[in-house]
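An overview of the molecular structure
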Amino acid sequence: KPRDICRYISLAVKKISKKIVKLKPDLIILLGDRYEIFSAGIVALIHQIPICHLHGGEITEGSIDDVFRHSITKMSHLHFVAADEYKQRVIQLGEQPEHVFLVGGLGIDNIKRLKLLGRNALEADLGFKFGKKNLLITFHPVTLENSSAVNQMEALLSVLTQLEETQLIFTMPNADTEGRTLIKIVKQFASQHANAHAFTSLGQLRYLSCIAQVDGVVGNSSSGLTEVPSFKKGTINIGDRQRGRLQATSIINCKPTEKSIANAINTLYSPAFQVDLSQVRNPYGEGGASEKVVNTLKSINIKNIVKKSFHDLPNSVLGEK
């Protein structure tokens, strides 16, 4: 519930503040756009600790995370972004260009770094056998859409029920509003369908290993847009939660309705789409972001960086004569 999230933010600010006083860090690194991260940003800002923000400038118009992300950008002093479009947006928000660094997507580094589990090892670890067809599903609450997350989830499950010879691997929704209700729905669905398997969290290694083994990813998670294209696998992106993010050609956007989701799944398995996947390029880069961030932090002088000035765009950019 909204009041629970507000209570959590308040509690997080209190606890993080205590840690900050004890640890006295020279710099705080924040990743992403969640309200938990926003809490840490508030604390660092008030304690006048420089903030390094990762993955700013992105847009997810269907989620309240969008506002948190841009707010964290304004609190931060150094920015490491995943694409040139995001770099320009951070500058547009008034950040100094010399403090905005294009490094690519951090998630891709994990794909390159980790030795993924093979099919047999993954099956043994997860406790089930992959089938003729396999889908990985992650559906989070929708915070800024007209239809409820429950209605959208029910539409998705209705379509999944009709699939034949398909193993369904669910990772649980996050803690946004309606999250608990969605978790109950997924657990109940898994208990009633032998081909459905629900996991609270697969963990990084098992999650990425799963992507490598399945036919595609279904839902509204950012991972479907930022990481899955590197595996040259298709993503069915449901609804508007991720609307505004850069997308590879492997993304199939659909409405949160039974008909639209069913059509998207048919497209995913179509021969023509499967052939085109071999040519997919991830707009978030080819890896190396972590090393670029570390090298930049080693070389930059953060003394007095907390004193920010607003970077105004030239009149020509603003459309003025």
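Before reading on, note that the structure itself is shown above.
Structural notes, computed from the coordinates. For clarity, every value in this text was computed on a predicted model and none was experimentally measured.

Here the focus is helix α9 (residues 203–213). For α9, the full list of buried residues reads Tyr207, Leu208, Ser209, Cys210, Ile211 and Gln213. Contact partners of the buried residues in α9: α5 (107–113), α6 (119–126), β5 (133–138), β6 (166–171), β8 (216–219) and α10 (223–226).

Along the chain, Arg281 turns up in the loop between α12 (271–276) and α13 (289–299). Judged by its relative accessible area of 66%, Arg281 falls in the exposed class. For the pair Arg281 and Thr249, spaced 32 residues apart in the sequence, the C-alpha separation amounts to 7.8 Å.

Moving on to unusual backbone geometry. In this model, Gln48 sits at a positive phi of 60 degrees, which is unusual for a non-glycine residue. Relative to the assigned elements, Gln48 resides in the loop between α2 (35–46) and β2 (51–54). Given a relative accessible area of 59%, Gln48 falls into the exposed group. The phi angle at Glu165 is positive, at roughly 50 degrees, despite the residue not being glycine.

This part takes up the pattern of salt bridges. Counted by the stated rule, this structure contains 15 salt bridges. Notably, a salt bridge pairs Asp65 with Arg34, separated by 3.5 Å at the nearest N-O pair. Of this pair, Asp65 sits in helix α3 (residues 65–75) while Arg34 sits in the loop between β1 (28–31) and α2, placing them 31 residues apart in sequence. This pair shows no difference in class: Asp65 is buried, exactly as Arg34 is.

In this section: α13. Given 3.6 residues per helical turn, the α-helix brings residues three or four places apart onto the same face. Here α13 has its buried residues at Ala289, Val293 and Thr296. Down the axis of α13, the buried set is contained in an arc of 70 degrees. They therefore lie on one face. Relative to its buried face, α13 has exposed residues pointing more than 90 degrees away, namely Glu291, Lys298 and Ser299. Those residues of α13 hidden inside the fold are in contact with β2, β3 (78–81), β4 (100–102) and α5.

What counts and what doesn't
- Residues numbered from 1 in each chain as written.
- Predicted model: local features only at pLDDT ≥ 70, side-chain atom pairs only at ≥ 80, totals over all residues.
- Heavy atoms only, no water.
- Buried < 20%, exposed > 50% of the residue type's maximum accessible area, 1.4 Å probe, protein only.
- Helix = DSSP H or I, 4+ residues; strand = E, 2+ residues; numbered from the N terminus.
- Contact = heavy atoms within 4.5 Å.
- Salt bridge = Lys/Arg side-chain N within 4 Å of Asp/Glu carboxyl O.
- Arc of directions from axis to C-beta.

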